[in-house]
Amino acid sequence: MSVKRVAEYEIADDSDILRFVCLGGGSEVGRSCHIIEYKGKRVMLDAGIHPAYTGAASLPFYDTYDDLGEIDLLLISHFHLDHAASLPYVMTKTEFKGKVFMTHPTKAIYRWLLSDFVRVSSVAENDPSLYNDEDLAKSFDQINTIDYHSTMEVNGIRFTAYHAGHVLGAAMYLIEIDGVKILFTGDYSREEDRHLNVAEVPPTRPDILITESTYGTGIHRNRLEKETRLTSLIHSTISKGGRCLLPVFALGRAQEILLILDEYWDQHSDLEGVNIYYASSLARKCMAVYQTYINMMNDNIRKKFRDSKTNPFQFKHIKNIKNLDRFEDIGPCVMVASPGMLQNGVSRELLERWAPDPKNALILTGYSVEGTMAKQILNEPTEIPSINGQEIKIPRRLSVEELSFAAHVDYQQNAEFIDLVNAPNIILVHGESNNMGRLKSALLSKYHDRKGTENEVKVYNPKNCVTVNLPFKGTKIAKTMGFLAETAPKDGQFISGVLVQKDFQTGLMQLSDLEEYSGLTTTILMERQTIIVEAGPELVRYHLEQMFGNISILEESDDSIKLRIMEAVEVSHIDNRATIEWSGSIMNDTIADATLAILLTVDSSPASVKLSSKSCSHSHGSHDDTNMSSEPALELSRAEKIQNISAVLRAQFGDTLEIHEDGSHATIKIEAMVADIDFNTLEVECKAPSLKQRVAHVLNRAISLASPLLPKLTSDSNPAIKAEIKSEAEPEIKEEVQPDTLKIET
Ligand SMILES: [Zn+2]
Ligand SMILES: [Zn+2]
C-alpha cells in the first residue's frame with residue numbers, strides 16, 4: 001500500500017463573515033473612517049475629522065469600537081482633513097498599534113497641512129486641541145509609504161494602491177484578505193483635468209466595492225462649460241469694479257483653480273494689473289512638493305514642465321500671501337483663500353468684509369458640508385452671522401454661485417465606474433443621507449433584472465456605527481503535508497500541527513516540516529515593485545550582471561526574462577515592465593534597492609546606448625566614446641582611486657559603510673554581519689558568504705568604473721550559499737504561522 005502524502009481536511013470555521021463598520025462618513029460627508037473585519041484581520045480605512053465640528057465632536061466614533069488595539073493596518077486615501085486629520089489622534093491617544101500606509105505625496109503634504117491644522121485649531125477654538133505638534137511629529141515617523149501599483153503585505157493582508165484622481169497623492173486601495181478582495185475608492189474623480197491622472201479601474205474584480213457617493217445622482221456640468229462660466233463670472237465681476245472671493249481648501253483643488261486662472265490671465269491682457277491672490281500659509285512650502293511629484297501627475301502637466309523647463313505651479317499672475325496683514329484692499333481683485341467652507345480664517349474674514357457690496361461675488365468651487373457657512377450661504381440668506389458672535393448680523397448682498405471643481409465623480413461617472421468594477425457588493429460611504437439614498441435606489445433599479453441571479457448586486461448605505469455583515473465562503477480545506485500526511489487518522493481523532501496559510505492555501509504540518517513544505521522560516525515580508533524599463537531583456541540582464549556578477553536565469557525568451565539575484569531578489573521583465581519581488585529583510589532590502597537603482601538607470605545608461613547601437617545597422621559613432629571603460633585611463637593617485645571606489649561603495653551601501661581614518665580599509669556592517677575591505681590587497685573579509693559575494697561584486701565594479709588601472713578582483717560567487725537572516729527589527733509584518741488544533745471531519 002502506498003503512503004498518501006497529501007490529505008485534505010475541512011476546518012471548522014465560523015469566521016467567514018466579513019464585517020464592515022463606519023465609525024465616520026456613514027450617511028454623511030466628513031470624519032471618514034471605516035473598518036473591515038475578516039478572518040481575524042482588521043483594516044481601518046481613513047481617519048478624518050468632521051469640518052462642521054471642533055475638538056472631540058469632530059472625531060469619528062472611535063470610542064464605540066472596542067478593538068482599536070487589534071487593527072493590523074490603516075490605509076489613508078488622501079490628505080484632505082476629512083480623511084486624514086484624526087490620524088495623529090488614533091496613533092497617539094488610542095490603543096491602536098497597527099501599521100499605517102499612505103502614498104509619498106500624501107505624506108509630504110499631510111505634514112504641512114496637519115501642523116497648520118494644529119495651529120489653527122488651537123488658536124481658534126476654546127476646545128483643547130486633539131493633539132499637539134509633538135504628537136504629530138511622533139506619529140509622522142511611523143507612517144509608511146506605498147507607491148502606486150505596488151503591492152504590500154501586512155499580517156497576511158495584501159494591498160495595492162491605484163490612482164484615484166481627486167488630489168495629488170490620492171489613492172484607491174485594493175485589499176485582499178484570504179482571497180476576498182475589497183476595493184476602497186476614497187474620494188475619486190474620472191474627469192481629466194489640468195494636472196491629475198483620472199482614477200483607474202483595477203485589473204481584478206473585487207468582491208466588495210466601497211465607493212464615495214458625495215454627489216449621489218447629481219450630474220456635473222461638463223468641464224469646459226464650468227471653466228468658461230468661472231472665468232466669465234470673474235471677468236464680469238472685475239469689469240464692474242467688484243471683488244471675487246473663492247474659498248478653497250488650502251491644497252489640492254486650489255492648484256487646479258490657480259492653473260485655470262493663470263492661463264486665463266495669460267490670454268487676457270486687459271486683466272493685467274488686476275491681482276489674483278492666493279492666501280495660504282502653506283503655498284510656498286507645498287510648491288516644492290508639487291514640483292517633486294510632477295512625475296505622478298498627468299501628461300498635460302508633465303509636458304508643460306518638460307517644454308518650459310519651469311515649475312508649472314510657479315504661477316505668473318498669482319501673488320502668494322500668508323495672511324491679510326499686507327493685503328491692500330483697494331479695488332477689483334480675485335482672492336483664492338482657505339478654508340474652503342468659510343468656517344473661520346481668511347476666507348471668512350473677507351466674506352464678512354465683502355458681503356454687503358452687491359458688486360462682489362462669492363464663488364464656491366468645492367463641496368460644501370452640511371452645517372458649515374458655505375452650505376448655509378448657498379440658500380442666499382439676506383444676512384449672515386459674524387464669526388465674532390451669532391448676534392452680530394452682516395447684510396449679504398454679494399452674489400453667490402456654486403461651480404463645483406471638487407473632483408468627485410457625479411452619477412454618470414460613478415455608475416460607469418461601478419459597472420466596470422463589477423463587484424457583487426457595493427457599500428456607499430461619504431455622502432449626505434439623501435444623496436446616498438438616491439444613489440442606492442438608482443443603482444438598485446439599474447441592476448433590478450439581476451436580482452435573484454448569480455450576478456445579483458447588493459447595495460448598502462450604512463449609517464455610522466451600524467455593522468454590515470457579508471457572508472463569504474472562505475478557505476475550508478486544509479491539506480496535511482509531510483509527516484502528518486503519512487498516517488491516516490481515524491474518525492474523530494484530533495491531530496495537531498502548524499497551520500500555515502500562504503497565498504490563501506491552508507496547510508497543516510509538523511513544525512519540523514515547516515521549511516521543506518512551506519519554504520517559511522520566521523519573518524517574511526513579501527514585497528513587490530514594478531517600474532517601466534523601456535530597454536529589452538538583454539540589456540536588463542547585462543546591467544544586472546555588471547553589478548551582481550553571476551545571476552540565475554529562471555526563464556528567458558526574446559522579449560522577456562526572469563532571473564534571480566543573490567538568491568534573494570527575483571526580477572521579471574516583460575512588455576517594458578520590470579517587477580522586483582523579494583522577501584523583506586535588511587539584507588534583501590538592500591539588494592532590492594540596488595536592483596531598483598540599476599533598473600531605473602538602464603534606459604539612460606551610456607552602456608545601454610552602446611549595446612543597443614551594436615544591434616542597430618546604422619552606426620551611432622558619437623555614442624561610442626561614452627563607454628567609460630574605453631576612455632583613456634587617467635593617471636590617478638592612490639588616494640584619488642580609493643576616494644572614487646569609496647564613492648561607488650557609498651552609493652550602494654549608504655551609511656552602513658565606514659572608511660577607516662587612515663584610508664587603509666573600510667567596513668560594511670549590515671545587522672550582525674561585517675565585511676572588511678582591505679584597500680591595499682583589495683580583498684574582502686566576511687564570514688557571511690552572501691554579503692561577501694555582494695561586496696566583492698560591488699568592489700569589482702567600483703574598481704573598473706572608478707579606477708581602471710587597479711587589478712580586478714576575483715569574487716567568490718557561489719550561488720548555492722544562502723545566508724539565513726532573521727530580521728528582528730520588523731517582527732510585526734510577517735506571514736501567518738499559527739499553531740492550531742484541528743478537528744477532523746472525514
Ligand atoms: Zn477629498
Ligand atoms: Zn472627502
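Fair warning: this is a prediction, and the values are worked out from it, not measured in the lab.

**Q** Looking at this structure, how should I read the coordination of the zinc ion (ligand 2)?
**A** Under perfect tetrahedral coordination by four donors, a metal shows angles of 109.5 degrees; under perfect octahedral coordination by six donors, it shows angles of 90 or 180 degrees. The coordination sphere of the zinc ion (ligand 2) contains the protein donors Asp82 (OD), His83 (NE2), Asp187 (OD) and His430 (NE2), at a distance range of 2.1 to 2.3 Å. Relative to the metal, the 4 donor atoms surrounding the zinc ion (ligand 2) lie at angles of 86 to 165 degrees, and the coordination shape comes out irregular. Read in sequence order, the donor residues for the zinc ion (ligand 2) give the motif D-H-x103-D-x242-H. You can call His83 buried: its relative accessible area is 1%. Take Asp187: its relative accessible area is 2%, and that puts it in the buried class.

**Q** Help me out: how do you make sense of the coordination of the zinc ion (ligand 1) in this one?
**A** The coordination sphere of the zinc ion (ligand 1), as far as protein atoms go, consists of His78 (NE2), His80 (ND1), His166 (NE2) and Asp187 (OD), spread over 2.1 to 2.3 Å. Here the zinc ion (ligand 1) binds 4 donor atoms, and the angle range of 92 to 165 degrees at the metal identifies the geometry as irregular. All donors of the zinc ion (ligand 1) belong to a single chain; written as a sequence motif, their spacing is H-x1-H-x85-H-x20-D. Separating the zinc ion (ligand 1) from the zinc ion (ligand 2) is a gap of 3.4 Å, which Asp187 spans by donating to each of them. Linking His80 in the loop between β5 (73–75) and α1 (81–84) with Asp187 in the loop between β11 (180–184) and β12 (208–212), this pair joins segments that are 107 residues apart in sequence. The burial state of His80 is the same as that of Asp187; both residues are buried.

**Q** How do you make sense of the sheet that holds strand β4 (residues 41–45) when you look at a structure like this?
**A** Two orientations exist for strands paired in a sheet by backbone hydrogen bonds: parallel and antiparallel. What the 7 strands build is an open sheet, ordered β7-β6-β5-β4-β3-β2-β23; its pairing is mixed. Looking at the sheet topology across the chains shown, the edges are occupied by β7 (143–146) and β23 (467–471). Between one strand axis and the next, the sheet turns by 25 degrees as a mean value, whatever way the strands run. Pairing analysis gives 5 bridges linking strand β2 (residues 17–24) to strand β3 (residues 33–38), with the strands arranged antiparallel. What sits directly across from Arg19, in β3, is Glu37.

**Q** Even after reading the chapter, I still don't get helix α9 (residues 345–354), so can you show me in this structure?
**A** Taken across its 10 residues, α9 has 7 buried, putting it largely inside the fold. Three or more residues of α9 are buried, namely Val346, Ser347, Arg348, Leu350, Leu351, Glu352 and Trp354.

**Q** Even after reading the chapter, I still don't get helix α5 (residues 223–239), so can you show me in this structure?
**A** Structurally, the α-helix is built with 3.6 residues per turn, so residues lying three or four positions apart point the same way. For α5, built from 17 residues, the straight-helix expectation of 24 Å at 1.5 Å per residue is met to within 8% by its first-to-last C-alpha distance of 24 Å. Residues of α5 that are buried include every one of Lys226, Glu227, Leu230, Thr231, Leu233, Ile234, His235, Thr237 and Ile238, and no others. Just past α5, the residue Gly241 takes up positive phi, approximately 90 degrees.

**Q** How do you make sense of the nonpolar core when you look at a structure like this?
**A** For soluble globular proteins, nonpolar side chains are generally found buried alongside one another. Membership of the largest hydrophobic core comes to 134 residues, with the highest contact counts inside it found for Leu87, Ile175, Ile210, Ile234, Leu251, Trp265 and Val334. Among the elements that take part in this core, helix α6 (residues 253–267) stands out by supplying 8 residues, more than any other. Shared between two domains, this core holds at least three residues of each, these being domain 1 (2–218 + 408–470) and domain 2 (223–402). With 50 residues, the next largest nonpolar core counts Val571, Trp582, Met587 and Ala592 among its residues.

**Q** Looking at this structure, I do not really get the pattern of salt bridges. What am I missing?
**A** Any two side chains of opposite charge can pair, given that their charged atoms come close. In this structure the tally under the stated criterion is 31 salt bridges. Where Glu153 meets Arg158, a salt bridge forms, and the shortest distance between an N and an O atom there is 3.7 Å. Take Glu153: its relative accessible area is 12%, and that puts it in the buried class. According to the relative accessible area criterion, Arg158 is partly exposed, its value standing at 23%. Close ionic contact of Glu401 with Arg221 constitutes a salt bridge, the shortest N to O distance being 4.0 Å. Here Glu401 is found in strand β20 (residues 399–402), whereas its partner Arg221 is found in the loop between β12 and α5, with 180 residues between them in sequence.

**Q** I tried to follow unusual backbone geometry on my own but got confused; where do I start?
**A** The phi torsion of most residues other than glycine is negative, and most of the peptide bonds are trans. Geometrically, the link from Ser338 to Pro339 is a cis peptide bond, its omega value of 0 degrees lying close to zero. Topologically, Pro339 is positioned in the loop between β16 (333–337) and α9. The backbone of Arg31 sits at a positive phi, close to 45 degrees, despite the residue not being glycine. By secondary structure assignment, the location of Arg31 is in the loop between β2 and β3. In this structure Arg31 comes out as buried when scored by relative accessible area, which is 7%. Although it is not a glycine, Leu342 adopts a positive phi angle of roughly 60 degrees. Mapped onto the fold, Leu342 is located in the loop between β16 and α9. Judged by relative accessible area, which is 0%, Leu342 ranks as buried.

Cut-off values and rules
- Residues numbered from 1 in each chain as written.
- Chains lettered and ligands numbered in written order.
- Predicted model: local features only at pLDDT ≥ 70, side-chain atom pairs only at ≥ 80, totals over all residues.
- Heavy atoms only, no water.
- Donors = N, O, S within 2.8 Å, 3.2 Å for Na, K, Ca; no water.
- Tetrahedral: all angles 85-135°; square planar, octahedral: opposite > 155°, others 65-115°.
- Buried < 20%, exposed > 50% of the residue type's maximum accessible area, 1.4 Å probe, protein only.
- Helix = DSSP H or I, 4+ residues; strand = E, 2+ residues; numbered from the N terminus.
- Pairing = 2+ DSSP bridges.
- Axes fitted to C-alpha atoms, helices over the stretch in contact; angles between N-to-C directions.
- Expected span 1.5 Å × (residues − 1).
- Core = buried A, V, L, I, M, F, W, Y, C linked by side-chain atoms within 4.5 Å.
- Domains from an automatic or database assignment.
- Salt bridge = Lys/Arg side-chain N within 4 Å of Asp/Glu carboxyl O.

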